[in-house]
Each structure stands twice: as C-alpha cells, then as structure tokens.
Amino acid sequence: MDTSLSLARGTAAPASLAAGSPVAGSPAAGLVRVADDKAMLRAAADLTRDLVKPRPAVYWGDLIASMVLGYGALFVAATSDSTAVAIVAAIASVLGLYRGLSFIHEVSHMKHAAVPNFRLGWNILVGVPMLTPSFMYEGVHNLHHAKTRYGTVEDPEYLPLALMKPWTLPLFIVVSALAPIALLVRFAILSPLSLLSPKLRTMVVERYSALAINPQFRRRAPEGEAKAYWDRLEIAASLWAITLIAITVTGVLPLRAFLTILGIASAFAVLNQVRTLVAHLWENDGEPMTVTAQYLDTVNVPPPALLPALWAPVGLRYHALHHLLPGLPYHALGEAHRRISAELDAMSPYHKASYPGLPGLVSKIARSTMVRR
C-alpha cells in the first residue's frame, strides 16, 4: 500500500525526473536495461498455483481481531488517568488500526466473490470510520501494477525519491502526519461543497480522491456501478466526518478524546509513510521497466526479521514478491517466498530483492539522495 492522501502531499518530482531517459550511470539506468528473468517468473508462477485461493476465515479473523485491539486500545488511551497506561494503549491502538487499515490493499486486489462481503465489512469497520473508504484505493492501486505504467509519470504510487534532493525524504514523512486533518477537510467540507460546484467536484474527484503519492496523477471519474458504490461510501464518510466535528465542537466528545484520535491517526499515517519509503528503491526516473526490473526496484523483508510484521503488516513485508504475483492472498506470501527461495539458485535475481530490515533500507535511499545532491 504505497499511499499518502494526495490532498496532504507536498513532494513533487522535478520535471527532469518525472520522465525522460535515465541518467547515465544512475541506478535507474541499470534497472531499465534489466531483461526479464524467465526462469524466475516461471518458477514463481509454477510453485504457487495451489496458493491463490483466499481463506475467508483468515481474512475475517485477522481484520476483526485487529480492529478490536485498535478501537479498544483507543478507548483506553482516550480515557485512562494514567499517562503510562495511555501511552501503552496508544501504541497498541496504532498497531491494531494500522493493520486493519492495511487490508485496503487486499480489498483493492481481491475478487470480492472469493471472500463474500469482506469489502463491505472492511468499509463498515475501517474505511468509513477512518475516512479512507475503499474507493480511495480501488481503481488507483491497479495502475501501479500495470506493466507499462510502473515507475512512470502515469503511476499514482511512484516518485523517484532516490534521485531527488535529500530534503524530500523528511518532507515525504512529515507531510503524512497531516493526513487525518486532510481527510476531515476532504469529507466534512469539500464533499458537501462539491455538490454545489461542478468545477470543484471535478477537482475533488481528480485530485483528492486517491491514496497516491504522485502529485501529477489525476484519477478518472467513476462510472456505472463503481460510481454508485463510490457515492454511497462518500455520503457515509461525509456524514461521519461532519458528525465527528459536530460532537467535538458541542462537547459531546471530549476534546482530549478527539485529539487522541487525531494523534493516533497521525502516528499510523507516519508509520505507513515510513513503510512506503522503503517499499521500493525508487530508482526509476520515468522509463517503462520489465517485470524483473520492477521486482528489483521493490523490497522484501522476510524472516528472520521480526519487526517487519508490525511495520509492514498484512503481507506488505513481501512487497517485491507481491509485484511478481499480485493475485496471491496475503496469507500465502510467506509460504510462496519459502518455496521460491528454495527452488532458485543463489544467482537468481529473486534473492536480490530481500533486505534484512528497516534501518538499512532508510540508509540506502538517504545515501542515494546524497549522491545526487
């Protein structure tokens, strides 16, 4: 889930990096020239054919447990008289809600008949209450997986961060803390006002209705059943956003509780943005790439590392593998990685996308920006 609300984004790619030929000697130049490794692609497909069926009990059990933890700990954090208890509860809430929110990535990929009513349930439990209804990602994330769009100016979830200035990295992280406020503005103010102005409505749909990081991305207006579903979710999210503000202003919801909600939401937005920062190497500057090149520009953080289960939940620790096999359910990625790793020899490109942990990945991209300073 490479996401940051476009309303809150502020890191634009320089025109010279948004498209065009790779700079000679740059990492991007090497990636663009990488040919597809047919043995790797064939092995990945052949070894995982029996893993493609999602398990509804796993999806529902994981989601419900995550939200019980997230909302329960949020209540404790907002009401406890003990500072220590409130802090511990807030951390637990961040992790639970972040995991629940991460299922939007699965929702955007799954065939909904395979896990009946999961999309509806996710929107009721997570999407609407957290002002991130599934339409913010559906119809957007699939463009990131399009072979000819990945890493180009038409990719909503890509910026050549490794090729940009050093100051763009902290800005990329800090701006995500504003996401909860941006979402409140989007649904409590812009949604109702856009009903009165076709021009504003077009702007809201194109620019403020996608969980994207590419400031040049403009999404198309939905049509048919997709529009009807979008409208229902947007109405629900808008009513909830207005209600949340109203009950806070009138004192029904204590100010402390409201600020706790904002603080926890900002925390998991930042956590997700840090994960996004290391989900790719961000070394492509606009040229179309082969599937293998896209894989090598993406990151796996497999076991034995333990912390990625917290900061890259719901299968996101296997992000490179996911780009090879986007149809695999999240609960199958670990087994798929084990099978493919055992089958392919040490010289296979497959092993080159695995990294030991977060610090090394952050250091790698930071060094890349320093080199191009």
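For the structure, see preceding data.
Everything in this summary refers to the structure shown in the same document. Since this is a predicted model, take the numbers as computed values, not measurements. (Residues numbered from 1 in each chain as written. Predicted model: local features only at pLDDT ≥ 70, side-chain atom pairs only at ≥ 80, totals over all residues. Heavy atoms only, no water.)

**A closer look at the overall build of the protein**
Next up, step 1: Helices and strands together make up the secondary structure of the protein, namely 17 helices and 0 strands.
Next up, step 2: By principal-axis analysis of the C-alpha atoms, the protein measures approximately 65 × 45 × 45 Å.
Next up, step 3: Counting only residues that meet the buried cut, the protein has 53% of its 373 residues in that class.
Next up, step 4: Counting only contacts in the protein whose residues sit at least 6 apart along the sequence, the fraction spanning at least 24 positions is 78%. (Helix = DSSP H or I, 4+ residues; strand = E, 2+ residues; numbered from the N terminus. Buried < 20%, exposed > 50% of the residue type's maximum accessible area, 1.4 Å probe, protein only. Contact = heavy atoms within 4.5 Å.)

**Overview of the environment of G334**
Next up, step 1: Positionally, G334 belongs in helix 16 (residues 333–343).
Next up, step 2: A relative accessible area of 14% means that G334 is categorised as buried.
Next up, step 3: In this structure the C-alpha to C-alpha distance between G334 and P303, which are 31 residues apart in sequence, comes to 8.9 Å.

**A short note on unusual backbone geometry**
Next up, step 1: In this model, P303 is joined to P304 through a cis peptide bond whose omega is 20°.
Next up, step 2: Here P304 is to be found in the loop between helix 13 (291–296) and helix 14 (308–311).
Next up, step 3: One non-glycine residue, N117, adopts positive backbone phi at about 65°.
Next up, step 4: Secondary-structure assignment places N117 in the loop between helix 5 (83–109) and helix 6 (118–127).
Next up, step 5: According to the relative accessible area criterion, N117 is exposed, its value standing at 56%.
Next up, step 6: One non-glycine residue with positive phi stands out, namely W282, at about 60°.
Next up, step 7: In this structure, W282 sits in the loop between helix 12 (255–277) and helix 13.
Next up, step 8: W282 sits in the buried class, given a relative accessible area of 0%.

**What about the environment of P215?**
Next up, step 1: Relative to the assigned elements, P215 resides in the loop between helix 10 (198–207) and helix 11 (224–249).
Next up, step 2: The exposure class of P215 is buried, given its relative accessible area of 19%.
Next up, step 3: Between the C-alpha atoms of P215 and F103, which are 112 residues apart in sequence, the distance is 24 Å.

**Observations regarding helix 9 (residues 179–194)**
Next up, step 1: Its maximal kink placed at R186, helix 9 deviates by approximately 30°.
Next up, step 2: Residues of helix 9 that are buried: A179, P180, A182, L183, L184, R186, F187, A188, L190, S191 and S194.
Next up, step 3: Residues of helix 9 that are buried sit in contact with helix 10, helix 11 and helix 12. (Bend = angle between axes of the 7 residues up to and from the residue.)

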